[in-house]
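Each chain is listed here by its residues.
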Amino acid sequence: RKITSLKDMVKQSTELFPDCSAFTLKDKDGNFYHITFRQFQDQINALGTAFIDLGLKNAMVAVLSENRYEWCLTYLSVVNGVGVIVPLDKELPENEIASLLSRSGAKAVITSADYLDSLMKIKNNLPSLKYVISMDNKEDENGVLSIQKLIDRGQQLIGKGNRDYIDAEIDPEIMNMLIFTSGTTDTSKGVMLSHKNI
């Protein structure tokens, strides 16, 4: 298959395998459940729509967590019609994460519970960082937004006819990812990548 962008990849996969399992996840009781390609695309569209509604169009959006479904969901939601994704290495110390958020000018960071306290400590020193979004909180609380609430909001907006995200055009040549190198010999460098690069 010829794939022109990550948005096209998701679209084609959904058309080919709508009811097949894209992800197998485990709930808090240890039971496995599936997310189909159609459900995944619907959640990408909902989260992307909510991100645009928050004012994140063309913004830098960071993601910081262990390997999990919401990381993939965030990454593809951002690059497929919102702005530039900035994945952060979860092994980095707090001061380095603060530096990368500052250098990238990230306007939002989506994170898991493990890194929430660290981010809230450094948030006030990062004037560009407007939103901290939790992958685990079920409700918006203490200045932290819930990713689930954003997905619900995006679904409502789409239901009312909002197609700002769904109809967003992807230019495969422009920067949509800012990946920082490990910086083993010096300060980490931001590598600018596009859909075509990926």
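Anything mentioned here points back to the structure above.
Report follows, based on the coordinates.

1. Side note on the packing of helix H4 (residues 94-104) against helix H5 (residues 113-123)
Where H4 contacts H5, the two axes come as close as 10 Å, and the packing angle between them is 60°. Judged on the interaxial angle alone, H5 and H4 are oblique. The handedness of the crossing between H4 and H5 is right-handed. Mapping the contact onto sequence places Glu 94, Ile 97, Ala 98 and Leu 101 in H4 and Ser 118, Leu 119, Lys 121 and Ile 122 in H5. Its residues placed into classes, the contact of H4 with H5 shows 5 nonpolar, 1 polar and 2 charged.

2. A word on the packing of aromatic side chains
On inspection of all chains with the given rule, the structure shows 5 aromatic pairs. Arranged with centres 5.8 Å apart and planes meeting at 45°, the rings of Phe 17 and Phe 37 form a pair that is tilted. Residue Phe 17 is found in the loop between helix H1 (6-16) and strand S1 (21-26), and its partner Phe 37 is found in helix H2 (residues 37-53); the two are separated by 20 residues along the sequence. Note on Trp 71 and Tyr 75: the rings are 5.2 Å apart at their centroids and 25° apart in plane angle, and the pair reads as stacked. Here the residue Trp 71 and the residue Tyr 75 both occupy positions in helix H3 (residues 69-79), the gap between them amounting to 4 residues, near one helical turn. Site record: aromatic cluster; members linked through ring pairs are Phe 23, Phe 40 and Tyr 69. A cation sits over an aromatic face here: Lys 7 above Tyr 165, 5.3 Å from the ring centre.

3. Quick word on the pairing of S1
Bridge analysis of S1 against strand S2 (residues 32-36) gives 5 bridges, and the strand direction is antiparallel. Bridging from a neighbouring strand, Leu 25 pairs with Tyr 33 of S2. Linkage of S1 to S2, two consecutive antiparallel strands, is achieved through a turn of 5 residues, within which Gly 30 is found at a positive phi near 90°.

4. Some details on the environment of Gly 83
Structurally, Gly 83 is set in the loop between H3 and strand S4 (84-87). Distance in space between the C-alpha atoms of Gly 83 and Met 177 is 8.5 Å, their sequence separation being 94 residues. Ignoring sequence-local partners within four residues, the contact set of Gly 83 consists of Asn 58, Ala 59, Val 78 and Asn 176.

5. Observations regarding H3
Most of H3 is tucked away: 9 of the 11 residues are buried. Three or more residues of H3 are buried, namely Tyr 69, Glu 70, Leu 73, Thr 74, Tyr 75, Leu 76, Ser 77, Val 78 and Val 79. Downstream of H3 by a residue or two, Gly 81 has a phi angle that is positive, lying close to 150°.

Cut-off values and rules
Residues numbered from 1 in each chain as written. Predicted model: local features only at pLDDT ≥ 70, side-chain atom pairs only at ≥ 80, totals over all residues. Heavy atoms only, no water. Axes fitted to C-alpha atoms, helices over the stretch in contact; angles between N-to-C directions. Helix = DSSP H or I, 4+ residues; strand = E, 2+ residues; numbered from the N terminus. Parallel < 35°, antiparallel > 145°, perpendicular 65-115°, else oblique. Left-handed = near helix turned anticlockwise from the far one by under 90°. Contact = heavy atoms within 4.5 Å. Nonpolar A, V, L, I, M, F, W, Y, C, P; charged D, E, K, R; others polar. Phe/Tyr/Trp six-rings, centres within 6.5 Å; stacked < 30°, edge-to-face > 60°. Lys NZ or Arg CZ within 6 Å of the ring centre and 35° of its normal. Pairing = 2+ DSSP bridges. Buried < 20%, exposed > 50% of the residue type's maximum accessible area, 1.4 Å probe, protein only.

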